[in-house]
Structures are given as structure tokens and as C-alpha cells.
Amino acid sequence: MKLFRKKYIELIGDSLICCWVVHDHNGELVYLNDNAETFFSISREELFAVRKEIEKWQLFDHHGQELEIDSFPVSIALKHGSYSKRLIGFKPPSQNEMKWCSVQAEKVMDPETSSSFVIVSFVDETELVGKNKMLRSFVGELEIREKRLEELNEQLKSTLWQRENLYSVLAHDLRSPFTTIVGFSEILESSTASIEPKKASEYASKIKKSAMDVLKMTDSILEWVTELKNLSEISVTEHDLLSTVKRACSVLEPYAKSKGVELQFNIEESLFLSTDHRMLGTIIRNLVNNAIKFSYEGRPVAIEISKSEQFHKISIVDRGMGMDEESVQRILSKRGEFSSPGTCGEKGSGLGLMLVMEFIQKIKGKFEIESQLGEGSRFIIYLPSLKT
């Protein structure tokens, strides 16, 4: 026992909080101290009764994965001479409660008998592990709440952005036609007797055009509000992607024909996608409308559909006016206005593009723009390949 005690002190020190046990060269339990008996919640007699049945003990690594017998501390110490300190979970025979402790072991040679034995020491860490689990759970809950706050913050930013753009539309795009209407109406009113019929007709035409612009703008705003209201909740279903795209584009065919623009559909194969196809249809319709608007007469607009391992990719490609990098970044960063006249002077409010950005975010998609001034643009949507 002198040799044993000397090695024990060298290994773990003379600590009263330590539990330790001794195994012989066959791995059988031959000794344990009082602290070990208390730690295992099992009497010496019961422990010694199962000392040869090491396979009945359950040991777990710090991840909670059960260890094979060859990975037990005593097994490793017998084979390699020592077992470095690490966290281990224990389930003694006939017990369901998991106990955690930091364990280390050392193989000791008895010079008198030339036999070896293993000293295994334990420090109870069950309470600490329990607190760590509670802390991890608390941290996990905080991370979930933080993610939710980030989502709400993004929604708030989007709402503020929409409001600012709507104010801009109301302040500029609606005010300008009304200014024209009021101005020419005042001329007609004050010069009824002296104004020439030809001039009066010209003023009346300008008033009518401005009134039509106001009507179109009002319709755009109402459509935008209606779309946001009707599609506020996501409804995921699986549909043929090409059918969704063609259905969205069908209402734009008269507009495309009026400019001599051919709509081309390029698809690798028949692809099915689980997403909110109502929102996707609105996205496609607005982007294709945008492509026609900025296309020169006689040039095609292509809708390309392909699939990778993680995403379905939809590209709307035109060979029209294009944009500089500053305009592209202004759209993607949602800064300022991004409405400008089309190739035939078509006016717009920018509300359609606002809707596109809103819905792409809702269906967990990604949005990219590639464009060169004078050469055209490519609007790219990446949609995750979800399963219903």
C-alpha cells in the first residue's frame, strides 16, 4: 500500500473531494475509497459483486455518446499506461441516473510482484454539468429570440422603406400630373372667350393625359396595397415551375406585342418547386413587365429556369437600356427611388419592384441584378428547393 499511496498522491494529490478506485491487471475492481462509494450511490458489497462484469457499466463521452469497453479509462490506462483527464458520464449497473465527473487514470507497476494495477480518480462534476446544460439552454433561447428580433427588425426596415417610397410616389408622381391639370384648367377658365379652339383642344388633351396618368398611378397603388394584403400569409404548395412562370407572363403578352418584344422561355427540364406560387407569380409578372418596359422594340426578353443542388434559379434577361452600378446598388440596398421612364416613355411608380423585394424576402429567396448600361439587365431569383 505504500507504493500505492505514493503513486496516488503523485497522480491526484491528497484531496478529500476525490473519489478513487483500483483495478487489477485484468481490469477487475479491487479497491475503492469512501468518497467513491458515495459517488456511485452503491455499497462496496454491491460494487464488488459486479466487479468482473465491466460490460454492465455504461460510460459516456462529453457529447453523451456511449463508450465501448475498449474506450473505458481503465482499459486505455492498462493498454497505454495512462488516461488523461477528461469529462465522463457514468451509469453504474442497475442505475438510470447519469453522473458526470472528470476522470484520469494511471497504470502502476508493483516491483515486488511485477504485477500492475490501475488507479482511477474522479471529481464529481454532475452539478456543474447540469448548470452548464441550463446555461446552454438559456443561451439557445436567447439566440432564438435574437434571430426573431432580427427578423422583426428587417420587417420594420422593409415597412419603413415601403412607406418612404409610397410618400415619394404621392409627393412626386401624383403631384406632377395634378399640377398640369390645375395649370391648364386655369388657362382655359380665364381665357374662355379669347382662346383659339385648336389651342383649347391641345390644353384639353394635356389635361386628359395627366388625368390618365393619375388614374394609372392610383391603380398601381391600389394594386400594390391589394397584393400586400391578399398575400400577407405564405401558402407553400408544389407546382410545375414553368406553368407558374407562363401563367404570370400571359397577362403581359399584349404589352410585349405592342413593342415587338418576344417572350422566350428557356428551361433545362420539367421542374417542380415547393413555394408560395402566388407570390412567385407576382414576382415574375413585375420583373418581366419591367424587362419589357426597358427593352427596345424588336428585342426579346428571356425567362431562363434552371436547378442546382440547393436552389432553383429564375433569370429574367433583357437587352434594353441597362443600368449603371450605382443604380443597381440603389435597388438592392433599398435606397431612394428607382423609377424611370421606359424605352417608349412608359412611366412607373417603382411600387412593382418594391413588391418584388418584399415577396422574395418572404419566400426565403435571394435576389441579384447584373446589368450594363446600354446593353441590358439580368434579374436573378434564387429559390430554395424546399419539400412540402
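Residues numbered from 1 in each chain as written. Predicted model: local features only at pLDDT ≥ 70, side-chain atom pairs only at ≥ 80, totals over all residues. Heavy atoms only, no water.

(A) Here's a closer look at the sheet that holds strand β13 (residues 376-384). Strand order across the open sheet formed by 5 strands is β8-β10-β11-β13-β12, with mixed pairing between neighbours. The two strands at the open ends of the sheet, each matched to only one other strand, are β8 (263-267) and β12 (366-372). The mean inter-strand angle of the sheet, taken between neighbouring strand axes irrespective of direction, is 15 degrees. Sheet topology note: the β8/strand β10 (residues 301-307) ladder contains 5 bridges and is parallel. Bridging from a neighbouring strand, Ile267 pairs with Ile305 of β10. Packed onto the sheet, helix α10 (residues 277-293) meets β8, β10, β11 (311-318), β12 and β13 and runs at close to 25 degrees relative to β11. (Pairing = 2+ DSSP bridges. Helix = DSSP H or I, 4+ residues; strand = E, 2+ residues; numbered from the N terminus. Axes fitted to C-alpha atoms, helices over the stretch in contact; angles between N-to-C directions. Contact = heavy atoms within 4.5 Å.)

(B) Quick peek at unusual backbone geometry. For Lys364, which is not glycine, the phi torsion reads 60 degrees and is therefore positive. If you trace the backbone, Lys364 turns up in the loop between α12 (351-362) and β12. Looking at Lys364, the relative accessible area reads 58%, which means it is exposed. (Buried < 20%, exposed > 50% of the residue type's maximum accessible area, 1.4 Å probe, protein only.)

(C) Seen up close, the pairing of β11. In terms of residue burial, β11 counts as a mostly covered element, since 6 of its 8 residues are buried. Bridging between β10 and β11 involves 7 bridges; their strand directions are antiparallel. Following the sheet pairing, Val301 is matched in β11 by Asp318. Between the end of β10 and the start of β11, which pair antiparallel, lie 3 residues. Relative to β13, β11 runs antiparallel, the two being bridged by 8 bridges. Across the sheet, Ile314 pairs through a bridge with Ile381, a residue of β13.

(D) Summary view of the pattern of salt bridges. Enumeration over the complete set of coordinates arrives at 8 salt bridges. Its salt-bridge partner being Lys131, residue Glu127 comes within 3.4 Å of it at the nearest N-O pair. Here Glu127 pairs with Lys131, and both are found in helix α5 (residues 126-173), just 4 residues apart, close to one helical turn. Relative accessible area serves as the criterion here: at 59%, Glu127 is assigned to the exposed category. The exposure class of Lys131 is partly exposed, given its relative accessible area of 49%. One salt bridge connects Glu151 with Arg148, and the closest N-O pair in it is separated by 3.4 Å. One end of the pair, Glu151, and the other, Arg148, are both in helix α5, 3 residues apart, so they sit about a helical turn from each other. We classify Glu151 as partly exposed; its relative accessible area is 31%. (Salt bridge = Lys/Arg side-chain N within 4 Å of Asp/Glu carboxyl O.)

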